[in-house]
Amino acid sequence: MQVGDLVKLSSYGNKVKSNSRFVGPNDLGMIIKFNCHINPDFPYEISWFHLERKDKTRHSRQDLKYAR
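In this report, the structure presented in the accompanying data block is examined. (Residues numbered from 1 in each chain as written. Predicted model: local features only at pLDDT ≥ 70, side-chain atom pairs only at ≥ 80, totals over all residues. Heavy atoms only, no water.)

### Quick word on the overall build of the protein
The test is simple: Secondary structure follows DSSP: runs of H or I at least 4 residues long count as helices, runs of E at least 2 residues long count as strands, and numbering of each begins at the N terminus. The size measure is the radius of gyration over C-alpha atoms, and the globule rule it meets is 2.2 Å times the number of residues to the 0.38 power. A contact between two residues is defined here by any heavy atoms of the two lying within 4.5 Å. Per-residue and other accessible areas follow the Shrake-Rupley method at a 1.4 Å probe size, with only the shown protein chains counted as cover for residues.
Looking only at helices and strands, the protein features 2 helices and 5 strands. Order of helices (α) and strands (β) in the protein, N terminus to C terminus: β-α-α-β-β-β-β. Against the 2.2 N^0.38 benchmark of 11 Å for 68 residues, the protein shows a C-alpha radius of gyration of 11 Å, consistent with a compact globule. Principal-axis analysis of the C-alpha atoms gives the protein an extent of 30 × 20 × 20 Å. The contacts in the protein between residues at least 6 apart in sequence include a share of 44% that link residues at least 24 apart. Surface summary for the protein: the accessible area is close to 4700 Å², and the carbon and sulfur share equals 52%.

Given below as structure tokens:
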């Protein structure tokens, strides 16, 4: 995955309770930053597109899948 890719939560990511507070199962997001030096467990910073606001959250690769 690279900066600029559109993503959704994977089935694993949907099961993680901390993700469900911010992101729904059908929400789309874009990878805006990849930095494994700040937090190696959650290197992907995602900007989520919601109707109300844009949220930025950090995720592991396991939490994400490519959007189609």
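### Overview of the pattern of salt bridges
Quick note on the threshold: A carboxyl oxygen of Asp or Glu within 4 Å of a side-chain nitrogen of Lys or Arg is what we treat as a salt bridge. Using a 1.4 Å probe on the protein chains alone, a residue whose accessible area is under 20% of its type maximum counts as buried, one over 50% counts as exposed, and one in between counts as partly exposed.
A full pass over the atoms with the stated rule returns 1 salt bridge. Residues Arg58 and Glu45 are paired through a salt bridge, measuring 3.1 Å at the closest nitrogen-oxygen approach. Placement of Arg58 in strand β4 (residues 54-59) and of Glu45 in strand β3 (residues 44-49) is noted, with a sequence separation of 13 residues between them. On the basis of relative accessible area, Glu45 is assigned to the buried category, the value being 14%.

### Some points on the side chain of Thr57
Note the following rule: Whenever two N or O atoms come within 3.5 Å, that pair is a polar contact, provided that in protein one can donate a hydrogen and the other can accept it, and provided that, for residues adjacent in sequence, both atoms are side-chain atoms.
Structurally, Thr57 is set in strand β4. Residue class for Thr57 comes out buried when judged on its relative accessible area of 10%. Here Trp48 takes part through its side chain, which lies 2.6 Å from a polar atom of the side chain of Thr57. A polar side-chain atom of Thr57 sits 2.6 Å from a polar atom in the side chain of His59. Excluding residues that lie within four positions of it along the chain, Thr57 makes contacts with Phe22, Tyr44, Glu45, Ile46 and Trp48.

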